[in-house]
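# Commentary on secondary and tertiary structure
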Amino acid sequence: MSDTDIRVLIVDDNRTVRRGIRLRLENASGIRVAGEASNGRDAAVLARAERADVVLMDLHMPGMSGIEATRLITSEANETCRVVLLTSEVSDAFVVEALEAGASGYLLKGHDSDQLLPVIRGAAAGTATISPRVAPRLIRELREGKPQPAEPEQVALLTAAELRVVSLLSSGLTSNDEIARHLTVSVNTVRSQTASALRKLDLDDRTQLALWGARNGLIRREK
């Protein structure tokens, strides 16, 4: 083990689930299991005590829910700890609530198991990920709802190229490769424009950027 390993806290009220995740993580390079918790309240305490970099958080637990625990962990003075919801709940409302609570990811148990390791590494690096089974529905719901009027000052901060990237993110395209193909630009250009938009809008990750665009009606409808 190394001091640079990503320290992961596993939180689930099902011991069998925790054990399965632990066995997988213990065989992964660059990842260290910092501990386990069976409820949200213990998770908040352990995340701080064990200096966790990433918390894998179940949604429904006794005492304190995963969303409540996420809100508590991300509001602590140490803001480097990232929370990824790992749940069986396919609900747009829960996804929105989790993201608003500060979660950096939302994965579905079983469906997204192959994404667990890259999502952990991405979360530790500041990247957010929403399950592909949830993201399109979430973006569609936001798109079809009544958009909030965009703040002219914020929109004016972005270049035309950055707005095109944001609009595609908000339309449900989640990979840089897809966006690059749609815009006929390089993947590096998409990364650069995304990073610039995040910095200008003072947002933490791509998910927040996509939600910002969807809520403000910045949607690109491709033919």
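Further up the page is the structure itself.
A few points on the structure. (Residues numbered from 1 in each chain as written. Predicted model: local features only at pLDDT ≥ 70, side-chain atom pairs only at ≥ 80, totals over all residues. Heavy atoms only, no water.)

## Quick look at the side chain of T70
Stated formally: Each helix is a run of DSSP H or I of at least 4 residues and each strand a run of E of at least 2, with the numbering of both proceeding from the N terminus. Pairing of N or O atoms within 3.5 Å defines a polar contact, subject to two protein rules: one partner must be a possible hydrogen donor and the other a possible acceptor, and residues neighboring in sequence count only if both atoms are side-chain atoms. Contact criterion: two residues are considered in contact whenever any of their non-hydrogen atoms come within 4.5 Å of each other.
Relative to the assigned elements, T70 resides in helix α3 (residues 66–74). A distance of 2.7 Å separates a polar side-chain atom of T70 from the backbone oxygen of G66. Once you skip the residues sitting within four places of it in the chain, T70 turns out to touch M57, V83, L85, A98, A101, G102 and A103.

## Concerning the nonpolar core
Rules: Take the buried Ala, Val, Leu, Ile, Met, Phe, Trp, Tyr and Cys residues and link them wherever side-chain atoms come within 4.5 Å; each set so joined is a nonpolar core. To sort residues, take the accessible area from a 1.4 Å probe on protein chains only and compare it with the maximum for the residue type: under 20% means buried, over 50% means exposed, and anything in between is partly exposed.
V11, V55, M57, I73, L85 and Y106 are the most contacted members of the largest nonpolar core, which totals 27 residues. For this core, the secondary structure elements donating two or more residues are β1 (6–11), α2 (40–49), β3 (54–57), α3, β4 (82–87), α4 (92–100) and β5 (105–108). The contacts of V55, once residues within four sequence positions are left out, are L9, V11, A47, I73, C81, R82, V83 and V84. Listed in part, the 18 residues of the second largest apolar core include A28, L107, L117 and A123.

## A closer look at α2
Applicable threshold: This arc is built from the directions going out from the helix axis to the C-beta atoms.
G40, A43, A44 and A47 are the residues of α2 that are buried. Along α2, the residues classed as buried sweep out an arc of 100° about the axis, all on the same side. Within α2, the exposed residues directed more than 90 degrees away from the buried face are R41 and A49. Among the structural elements, β1, β2 (31–37), β3 and α3 are those in contact with the buried residues of α2. Count one or two residues on from α2 and you reach R51, which has phi positive near 50°.

## Brief notes about the packing of helix α9 (residues 176–183) against helix α10 (residues 187–201)
A pair of packed helices is captured by two measures, namely the crossing angle of their axes and the spacing between those axes. Applied cut-off: Axis definition: a line fit to C-alpha positions, over the contact stretch in the case of helices; interaxial angles, taken between N-to-C directions, run 0 to 180 degrees. For classification, angles of less than 35 degrees are called roughly parallel, those exceeding 145 degrees roughly antiparallel, those between 65 and 115 degrees roughly perpendicular, and all remaining angles oblique. Charged residues are taken to be Asp, Glu, Lys and Arg, nonpolar residues to be Ala, Val, Leu, Ile, Met, Phe, Trp, Tyr, Cys and Pro, and polar residues to be all remaining types, Gly included.
Axis separation between α9 and α10 bottoms out at 8 Å; the angle between their running directions is 105°. Between α9 and α10, the interaxial angle falls into the category roughly perpendicular. Facing N176, D177, I179 and A180 of α9, the residues of α10 in contact are V187, V190 and R191. In terms of residue class, the contact of α9 with α10 is made up of 4 nonpolar, 1 polar and 2 charged.

## Let's talk about the environment of L173
Take L173: it is sitting in the loop between α8 (160–170) and α9. L173 sits in the buried class, given a relative accessible area of 15%. Once you skip the residues sitting within four places of it in the chain, L173 turns out to touch L168, E178, I179 and H182.

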